[in-house]
Number of protein chains: 2
Amino acid sequence: MRISELVERTGVPLATLKFYLREGLLPAGEATSATRAEYGEAHVRRILVIRALTETVGLSVQKAREVLALIDRPEDDLFTTLGRAIAALPPDVTPVATQEYPRARAVLEKLGQVYDPGFAAVAQLEQALAAAESAGIPLDDARLAVYGPHIRAIAEFDVASIPREAAAAIEYAVLGTAVHEPVLIALRRLAHQDVAARRLRQAGAGPRASKRPPARGGSSGRSRPKRT
Amino acid sequence: MRISELVERTGVPLATLKFYLREGLLPAGEATSATRAEYGEAHVRRILVIRALTETVGLSVQKAREVLALIDRPEDDLFTTLGRAIAALPPDVTPVATQEYPRARAVLEKLGQVYDPGFAAVAQLEQALAAAESAGIPLDDARLAVYGPHIRAIAEFDVASIPREAAAAIEYAVLGTAVHEPVLIALRRLAHQDVAARRLRQAGAGPRASKRPPARGGSSGRSRPKRT
DNA sequence: AGGGTTGGATACTCATGGTATCCAATACTA
DNA sequence: TAGTATTGGATACCATGAGTATCCAACCCT
């Protein structure tokens, strides 16, 4: 198919597709002449993945390219590739070799997991723990004792569901790690609302909050933020 | 203290603090004269929170201002305020009223939770589910059956740990929701690596990654925290 | 009195993530 | 076969966001 069909199929503007082509996110079609190239279903899928990574996972074009490159050329084993992909995921952490990550180390030791400062995710965890502290809500032992096992159970399922075959496995693992994160986050937010709503209702008309809790529908995003 | 001391205490450049002042993220100090203002510990804390929200949670300055405004002026009840705060969190969803979110609806029904299209998190979940589909890894029932209960358990703990007093509760809930997300994400990524590493070792594969440290038994350090 | 800080205003910079134009070489249609 | 429409490729352009940098005049302290 021609590029105009990609535009139709994906809804992404032509200029943007050309931009992706230029930036190396989208492989060029097979040139059939100087002014014609043939694209396939793989291109359609690729475009959707690009949008998923940039719009929902929140990757920059630069980071998305890194992730896609890992999927395209999985020269290393799954474990190494996954580590590299994680390094491309937010939060962007400045990798300072020979650095210690004390908060992350303490957490990992409590969880009985290996602490390797070479893992990008360790630096990411350190930053996240520091941010929680800064916000006045550090990750205390009680919370870790809850988060740890549940998150681990989720991760066990994730890994167990990775297909056997190597190439497919890497793509599945990399994309699955990235793309299910927003799902988990959204589920937690909704669970917060659900649990909070139930408790409020149960407690009978707003004892803790300053005002009456309107049992539901309270958060309709109707307060349009004013633009600056 | 003067503004230069805020610079020292937080490490944030003066020009940036002035920017935060301008943008209304940081409240002005108490002016003691035309060219002097007094800042306090609250300002130091606020700056740290701003950095946590922007750098680690990934909020734009605009969104961070919205979240901070909710904490500063919690005019509504906890439930409503939390809903509004969630609307400011990524991924940015364009709220189209009167829209249906079929994927999110299906998921929430399977979880037995209320489906309210007015919740920003519902639109966020819809987008996340669509992105997962686009990437070729949809959230199937088996996965949901795992994610759902574990995430809910986490959320139950979160809500249970919210303090009683109203004003404190809102700040705690809003910041806690936002700031623990990166922690959960990082823990999942590390759990992936840990689980994958264990399986690889178990499968008799040789040591692939050059810098992987030796394995440690999961039981030795488990829940036997003794940090410095 | 004079140097070093301020607050406040304004202007500037840089990186992103696209958009928009041009162009010449085709390909399709009549 | 002429004329029009589409491409690919290159280049130029633009809007936002998040700071930075400069000025300046009013202080404060010594």
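Heads up: the structure comes first, above all this text.
I will try to describe carefully the structure that is included in this document. (Residues numbered from 1 in each chain as written. Chains lettered and ligands numbered in written order. Predicted model: local features only at pLDDT ≥ 70, side-chain atom pairs only at ≥ 80, totals over all residues. Heavy atoms only, no water.)

Focus: the protein's contact with DNA strand C
Around DNA strand C there are 21 residues in total, and A:Thr16, A:Ser33, B:Ser4, B:Lys18 and B:Ala37 lie nearest to it. In DNA strand C, the atoms that sit within 4 Å of the protein are 69% sugar and phosphate, with bases accounting for the remainder. B:Ala37 places a main-chain nitrogen or oxygen 3.3 Å from a phosphate oxygen of DNA strand C. Of all elements in the fold, only helix 2 (14-23) of chain A together with helix 1 (3-10), helix 2 (14-23) and strand 2 (36-38) of chain B reach the threshold of two or more residues within the surface near DNA strand C. If one sorts the elements of the surface near DNA strand C by residue count, helix 2 of chain A sits on top with five residues. Its residues assigned to classes, the surface near DNA strand C comprises nine nonpolar, six polar and six charged. (Near = heavy atom within 4 Å. Polar contact = N/O pair within 3.5 Å; in protein donor to acceptor, adjacent residues only side chain to side chain. Helix = DSSP H or I, 4+ residues; strand = E, 2+ residues; numbered from the N terminus. Nonpolar A, V, L, I, M, F, W, Y, C, P; charged D, E, K, R; others polar.)

Notes on the side chain of B:Arg189
You can see B:Arg189 is positioned in helix 10 (residues 181-202). Among the residues examined, B:Arg189 registers a relative accessible area of 1% and is labelled buried. With near-sequence residues (within four places) excluded, B:Arg189 lies in contact with A:Ile86, A:Leu89, A:Pro90, A:Pro91, A:Ala121, A:Gln124, A:Thr177 and A:Glu181. (Buried < 20%, exposed > 50% of the residue type's maximum accessible area, 1.4 Å probe, protein only. Contact = heavy atoms within 4.5 Å.)

Observations regarding the nonpolar core
Of all hydrophobic cores here, the largest spans 70 residues; its most connected members are B:Leu53, B:Val67, B:Val122 and B:Leu125. Broken down by element, this core gets its largest block of residues, nine residues, from helix 10 (residues 181-202) of chain A. Summarising the domain contributions, this core has at least three residues from each of domain 1 (1-56) and domain 2 (75-202) of chain B. With sequence-adjacent residues up to four places away left out, B:Val122 is seen in contact with A:Leu190, B:Tyr101, B:Ala104, B:Leu108, B:Tyr115, B:Asp116 and B:Pro117. If you look at the next biggest cluster of nonpolar residues, it comprises 68 residues, including A:Val12, A:Ile47, A:Ala121 and B:Ala197. (Core = buried A, V, L, I, M, F, W, Y, C linked by side-chain atoms within 4.5 Å. Domains from an automatic or database assignment.)

Examining the protein's contact with DNA strand D
Taken together, 21 residues are adjacent to DNA strand D, and A:Ile3, A:Ser4, B:Thr16, B:Arg22 and B:Ala34 come closest. In DNA strand D, the atoms that sit within 4 Å of the protein are 68% sugar and phosphate, with bases accounting for the remainder. Within the contact set of DNA strand D, a base oxygen lies 2.8 Å away from a side-chain nitrogen or oxygen of B:Arg22. Contact between DNA strand D and B:Val61: a phosphate oxygen at 3.3 Å from a main-chain N or O atom of the residue. For the surface near DNA strand D, the secondary structure elements donating two or more residues are helix 1 (3-10), helix 2 and strand 2 (36-38) of chain A together with helix 2 of chain B. It is helix 2 of chain B that contributes the most residues to the surface near DNA strand D, five residues altogether.

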